[in-house]
Amino acid sequence: MKITKKDGLSLYIHIPFCVQKCLYCDFLSFSASDRKKQDYVKALLNELAAWEEVLKEKILGMDKLYFKTVFMGGGTPTCLVPSLLFEILQAVNKYTDENTEFTIEANPGTITDSHISVFKETGINRVSLGLQSAQDGELKKLGRIHTYKEFCNSYQKLQKAGFGNINIDIMADIPGQDIVSYKDTLEKVLALAPAHISVYSLIVEPGTAFYKMQEQGELDIADEDTDRQMYNLAKEILEKHGYNRYEISNYSKNGMECQHNITYWTGGNYLGIGLGASSYINGTRFTGTRDFNKYTSIFNEKAEPGMAESQVQKNIGSSYERLSVKNQMEEFMFLGLRMCKGVSKSEFTDRFGINMDEVYGDVIKRFLQNGLLAEDINSGRIYLTARGIDISNYVLSDFILD
């Protein structure tokens, strides 16, 4: 199978640096010296060049490598000084066009006027701001380095610079948070009228500072009933203000859905570059090394002709996982059902050469009968009902095949 421009390929760029790690964060991120950041950017650019050679010759069969969406995340991309950020974005530009959705994550505590100028100059057309809460006390408990006022200043600067496609992240279940403070955060965000809002609950992950605090009985977070109240409050208020919930935790104004994330949820092809970045191409998943020194040593010099594939293989190691058809069916269902429009029966047949009901008929029938799933006969789509979304983990787990 060849990936054509019509099929599409997305790019994720991982920037692992942060000023300080948030207490809930389990992502691959850390603080670093200016020298380490420079070494990393050099390696990152060389990895991108290596992948261009490998993909163009081995997979794409295209005259030019093209990314339909690009997402730079982390970590905190705006931890990089503007000149380093410019180097990366300028290099990526040769693989994009005016139709590419180009997103960068930005932290209100690190974004500057110079960063915003770089965004404009290099074709960034979507910015994701990590607010989490409009309450300074809650931000402090999360270990965030910004205040609500600083967030507002960053947002206003982006708007003034002409950025109309801005996402704001909001978190529920923050230690000490209650319904009143959560509603206040929602209302303050709505007053800004961003194009997209992501609302999600705190998950206490192993290895984080919060996990240790929870083990010691020092973490005061909402119980399950309060979490559901917050979730339903967000849905009620956001939909009332014209935001469409298109995925379990994501809301947008019409036409402003995040196309990059939709690539993930619909089983599209994506390449991840940078430390520990994951990729999924043609049913194969692979992940780069998480060892900083190994990564920079592999890509510290631009590859000579014919060396690119060797560099890429050293970075990936033995992390290749070729998903079986069964695994691909499972992911099609439990990722696709996160989206409010659900999954298409005809698309399932086109991908796998078998009718969805032949594989999942009993499961679908059971959830249709108990009101956790619904079916749109006209479009041939299966989707979670409001009740199904409330217990989505339970429903989706039943789409794992024995």
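Up top is the structure.
The following refers to the structure shown. None of these values were measured; they are calculated from a predicted model.

**Details of the overall build of the protein**
When helices and strands are tallied, the protein shows 16 helices and 15 strands. In summary, the protein has a C-alpha radius of gyration of 22 Å against a globular reference of 21 Å for 402 residues, a match within 12%. Along the first, second and third principal axes, the C-alpha set of the protein runs to 60 × 55 × 45 Å. In the protein, once contacts between residues fewer than 6 apart in sequence are set aside, the share between residues at least 24 apart is 71%. Total accessible area computed for the protein in this model is approximately 18400 Å², and 47% of it derives from carbon and sulfur atoms. Within the protein, one finds 44 positive and 53 negative side-chain charges whose respective centroids are separated by 4 Å.

**Examining the pairing of strand β6 (residues 196-201)**
Sheet topology note: the strand β5 (residues 166-172)/β6 ladder contains six bridges and is parallel. Bridged to Ile168 within β6 is Ile197. One ladder, built from three bridges, connects β6 with strand β8 (residues 250-252); its direction is antiparallel. Each residue of the ladder has a partner; that of Ile197, found in β8, is Tyr251.

**Overview of the sheet that holds strand β13 (residues 343-344)**
Spatial ordering of the open sheet is given by β13-β15-β14, a layout of three strands whose pairing is antiparallel. In the strand order of this sheet, the two ends are held by β13 and β14 (373-376), each with one partner. Pairing of β13 with strand β15 (residues 381-384), which is carried by two bridges, proceeds in the antiparallel orientation. Looking across to β15, one finds that Ser344 is bridged to Arg381.

**Some remarks on the environment of Ala134**
Relative to the assigned elements, Ala134 resides in the loop between β4 (126-132) and α4 (136-142). A residue is classified by how much of its surface remains accessible, and Ala134, at 5% relative accessible area, is buried. Spatially, the C-alpha atom of Ala134 lies 8.4 Å from that of Tyr182, the residues being 48 residues apart in sequence. If we ignore the near neighbours within four places in the chain, the residues touching Ala134 are Tyr148, Thr185 and Lys188.

**Points about the pattern of salt bridges**
Inspection of every chain in the model, using the stated rule, returns 14 salt bridges. Measuring nitrogen to oxygen at the nearest pair gives 3.3 Å for the salt bridge that ties Asp113 to Lys157. Taken together, the residues Asp113 in helix α3 (residues 113-121) and Lys157 in helix α5 (residues 148-160) connect sequence positions 44 residues apart. Judged by its relative accessible area of 47%, Asp113 is partly exposed. Where Arg351 meets Glu347, a salt bridge forms, and the shortest distance between an N and an O atom there is 3.1 Å. With Arg351 and Glu347 both in helix α13 (residues 345-352), this residue pair falls four residues apart, about one helical turn. Glu347 gets classed as partly exposed once you look at its relative accessible area, which sits at 30%. Connected via shared salt-bridge partners are Asp227, Arg228 and Asp390.

**Some points on the side chain of His196**
Within the secondary structure, His196 sits in strand β6. Leaving out residues up to four positions away in the same chain, His196 has contacts with Arg126, Ile166, Asn167, Ile168, Tyr246, Asn250, Tyr251, Ser252, Met256, Glu257 and Cys258.

**Here we look at helix α11 (residues 308-316)**
Of all the residues in α11, the buried ones are Ala308, Gln311, Val312, Asn315 and Ile316. For α11, the angular spread of the buried residues around the axis is 125 degrees, confining them to a single face. Of the residues one or two after α11, Gly317 is the one with positive phi, at around 65 degrees.

**Quick notes on the pairing of strand β3 (residues 101-106)**
One face of the sheet, then the other: side chains in a regular strand alternate in exactly this way. Counting buried residues in β3 gives five out of six residues, a clear majority hidden from the surface. Of the pairings in the sheet, the one linking strand β2 (residues 69-74) to β3 comprises four bridges and is parallel in character. Among the inter-strand pairings, Thr69 is bridged to a residue of β3, identified as Glu101. Read from β2 through helix α2 (residues 82-93) to β3, the crossover connection turns out right-handed. Here four bridges tie β3 to β4, and the two strands are oriented parallel to one another. The residue of β4 that forms the bridge with Ala106 is Leu129. The β-α-β motif built from β3, the intervening α3 and the parallel element β4 has right-handed crossover chirality.

**Thoughts on the packing of aromatic side chains**
A complete count under the given rule lists 23 aromatic pairs for this structure. Look at Tyr264 and Tyr270: their rings are 4.7 Å apart centre to centre, the planes differ by 75 degrees, and that puts the pair in the edge-to-face class. Assessed through its relative accessible area of 25%, Tyr264 is described here as partly exposed. In this structure an aromatic cluster arises from ring pairing among Phe332, Phe348, Phe352, Tyr360, Phe367, Tyr394 and Phe399. Looking at Lys120, its charged tip hangs above the ring of Phe163, at a distance of 5.5 Å from the centre.

**Remarks on unusual backbone geometry**
In this chain, Gly74 is followed by Gly75 through a cis amide linkage whose omega measures 20 degrees. With respect to the secondary-structure elements, Gly75 resides in the loop between β2 and α2. Of note, the phi angle at Ala193 is positive, near 55 degrees, even though the residue is not glycine. Among the secondary structure elements, Ala193 is positioned in the loop between α6 (179-192) and β6. A residue is classified by how much of its surface remains accessible, and Ala193, at 37% relative accessible area, is partly exposed. A positive phi is found at Asn282, a non-glycine position, where the angle reads about 55 degrees. Here Asn282 shows up in the loop between β10 (278-281) and β11 (284-287).

Cut-offs used in this document
- Each chain carries its own residue numbering, running from 1 in the written order of its sequence.
- Given that the model is predicted, a residue must reach a pLDDT of at least 70 before its local features are reported, and side-chain atom pairs must reach 80 or more before they are shown or counted; all residues, however, enter totals for whole chains, interfaces and linings.
- Only hydrogens and water are removed before side-chain values are computed, so all heavy atoms of the structure are retained for them.
- Helix numbers and strand numbers start at the N terminus; a helix is a DSSP run of H or I with at least 4 residues, a strand a run of E with at least 2.
- Put simply, the radius of gyration uses C-alpha atoms, and a globule should come to 2.2 Å times the residue count raised to 0.38.
- Any pair of residues with heavy atoms lying within 4.5 Å of one another is described as a contacting pair.
- A 1.4 Å probe and the Shrake-Rupley method give the accessible areas. Residues count as covered only by the protein chains that appear here.
- Under this rule, positive means Lys or Arg and negative means Asp or Glu; His and the chain ends count for nothing.
- By convention, the point assigned to a charge is CZ for Arg, NZ for Lys, CD for Glu and CG for Asp.
- Two strands form a pair only when DSSP identifies at least two bridges running between them.
- Here's how the labels work: a residue is buried when its accessible area is under 20% of the maximum for its type, exposed when over 50%, partly exposed in between, all with a 1.4 Å probe on protein chains only.
- Basic side-chain nitrogens of Lys or Arg form a salt bridge, by our definition, when they fall within 4 Å of a carboxyl oxygen of Asp or Glu.
- Here the arc refers to the set of directions running from the helix axis out to each C-beta atom.
- Handedness of a crossover is defined as follows: orient the strands so they point away from the viewer, and if the path from the first strand over the helix to the second runs clockwise, the crossover is right-handed.
- In summary, the pairing rule links any two rings of Phe, Tyr or Trp, Trp by its six-membered ring, whose centres are within 6.5 Å, and it sorts them by plane angle into stacked for under 30 degrees, edge-to-face for over 60 and tilted for everything else.
- In this analysis the charged atom, NZ for Lys or CZ for Arg, is taken to sit over a ring once it is within 6 Å of the ring centre and within 35 degrees of the ring normal.

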